[in-house]
Every structure is written in structure tokens, then in C-alpha cells.
Amino acid sequence: MPLAVGDPAPEFTLPDAEGNLISLGQLRGRRVVLYFYPRDNTPGCTREACGFREAYADYQAHGIQILGVSADDARSHQKFAQKLQLPFPLLVDEGAKVASAYGVYGPKKFMGKVYNGIHRTTFVIDPEGKIEAIITKVKVETHAAELLQQLTGS
């Protein structure tokens with residue numbers, strides 16, 4: 001059964017690009033934007049990450065933690081984060097276990113080819129650990145700014 005607004009967010013502990021473990025539980029008391037994206041260094045994922053980078057100070061000012069998640073390895077995340085100067089963690093979900101727990105890993109189609117991958121989806125998790133919002137139709141160019149406005153009214 002897919003996750004819905006109001007459900008408890010599945011708990012996870014994942015390494016970031018530097019090997020530091022980050023758990024959802026350690027972020028209790030804060031709102032979390034958990035955005036799943038298909039791959040580092042692809043055009044759409046780059047635009048989405050840059051949007052969150054540009055709005056990062058405003059998210060921080062409202063006490064909102066941003067976490068990016070893909071199935072890429074730590075080295076790929078390091079290069080992607082350094083190249084784009086990303087100020088927030090990118091979590092390594094090798095094997096897509098967390099993406100599967102959130103229901104965002106599965107069949108995709110590209111140029112007539114079907115394969116399994118991460119579907120671009122953002123979850124907002126409230127300070128108590130419940131899912132506050134699920135965004136499945138992401139416009140990479142405007143997503144970060146629109147989400148911030150939705151969450152803060154500013």
C-alpha cells in the first residue's frame with residue numbers, strides 16, 4: 001500500500017557522501033524535505049539540486065532540513081555535490097532500499113526501454129515524523145522555490 005499524507009515516515013539510516021550516517025530519527029523536532037532523484041549529473045537532477053541550493057538559506061531560516069537521496073554511490077555524490085557546491089547532504093541509497101520503503105523505486109520507461117529506477121518524488125516530513133506532503137509531479141526548475149513558498153507562505 002502506498003504511503004499517504006499522515007502516515008509515519010519510514011525510518012532510515014543512510015550514509016552521506018562523506019560517510020556520515022544520517023537517521024530520520026535524529027531529525028525529530030525539525031521539518032525535513034526528503035527528495036528522491038534518479039541520478040547524479042543528469043540535466044533534470046542538476047536543475048533540481050541547484051534549485052534547492054539557491055533556496056537553502058531560506059529553508060534553513062525556517063528550520064527545514066533538506067536531504068537528497070539517490071542510488072548513486074558516495075563517490076558520485078561527492079563529485080556532484082562539489083561541482084554544484086551543494087550545502088545539504090546527499091544520501092547514498094545503494095540498492096534503493098529506502099526508495100523502495102517510500103514506494104518510489106520501480107519500473108520506468110525511457111526511449112522505449114523499461115528498467116527499474118527511482119521516480120523523482122519529494123516527501124515533506126513534519127517534526128513528529130509523519131508525512132506532511134508528497135509531491136510526485138516535480139517541475140525541476142521551480143520545485144524548490146514553490147515548495148518553500150507552500151511550506152512557509154513566503
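Residues numbered from 1 in each chain as written. Predicted model: local features only at pLDDT ≥ 70, side-chain atom pairs only at ≥ 80, totals over all residues. Heavy atoms only, no water.

**Q** I tried to follow the sheet that holds strand β3 (residues 31–36) on my own but got confused; where do I start?
**A** Within a beta sheet, neighbouring strands are joined by backbone hydrogen bonds and run either parallel or antiparallel to one another. Strand order in the open sheet formed by five strands is β5-β4-β3-β8-β9, and the pairing between neighbours is mixed. With one partner strand each, in any of the chains shown, β5 (90–92) and β9 (131–135) form the two edges of the open sheet. Each strand axis lies, on average, 20° off the axis of its neighbour in the sheet, ignoring direction. Judged from the three bridges that link them, strand β4 (residues 64–70) and β5 form a sheet pairing that is parallel. Paired with Gly68 across the bridge in β5 is Leu90. Each of β3, β4 and β8 (121–125) is contacted by helix α1 (residues 43–61), which is oriented at about 160° to β4, the strand it contacts most. (Pairing = 2+ DSSP bridges. Helix = DSSP H or I, 4+ residues; strand = E, 2+ residues; numbered from the N terminus. Axes fitted to C-alpha atoms, helices over the stretch in contact; angles between N-to-C directions. Contact = heavy atoms within 4.5 Å.)

**Q** Explain α1 to me, please; I cannot follow it from the model alone.
**A** Quick reminder: α-helices carry 3.6 residues per turn. Residues three or four places apart thus point the same way. In a regular helix each residue adds 1.5 Å, so 19 residues correspond to 27 Å; α1 covers 28 Å between its end C-alpha atoms and thus fits that length. Taken as a whole, α1 carries its principal kink of about 55° at Ala55. Considered for burial, the residues of α1 that qualify are Gly44, Cys45, Thr46, Glu48, Ala49, Cys50, Gly51, Phe52, Ala55, Tyr56 and Tyr59. Buried positions along α1 lie against β3, β4, α2 (74–84), β8 and α4 (143–152). Just beyond α1, the residue with positive phi is Gly63, at close to 70°. (Expected span 1.5 Å × (residues − 1). Bend = angle between axes of the 7 residues up to and from the residue. Buried < 20%, exposed > 50% of the residue type's maximum accessible area, 1.4 Å probe, protein only.)

**Q** What is the right way to read the environment of Pro38 from this model?
**A** As for its placement among the helices and strands, Pro38 is situated in the loop between β3 and α1. Along the primary structure Pro38 and Glu18 are separated by 20 residues, whereas in three dimensions their C-alpha atoms are 20 Å apart. Not counting residues within four places of it along the chain, the set of residues in contact with Pro38 comprises Cys45, Ser70, Asp72, Lys108, Ile118 and Arg120.

**Q** Looking at this structure, I do not really get the pattern of salt bridges. What am I missing?
**A** Side chains that differ in charge, positive against negative, can pair when their charged atoms come close. Under the criterion given, the structure shown has five salt bridges. Arg31 is the salt-bridge partner of Glu132, the closest N and O atoms lying 2.3 Å from each other. One end of the pair, Glu132, is in strand β9; the other, Arg31, is in strand β3, with 101 residues separating them in the sequence. The class for Glu132 is partly exposed, based on a relative accessible area of 27%. The salt bridge involving Arg47 is made with Glu141; its shortest N-O contact spans 2.9 Å. Residue Arg47 is located in helix α1, and its partner Glu141 is located in the loop between β9 and α4; the two are separated by 94 residues in the primary sequence. Accessibility expressed as a relative area gives 53% for Glu141, which makes it exposed. (Salt bridge = Lys/Arg side-chain N within 4 Å of Asp/Glu carboxyl O.)

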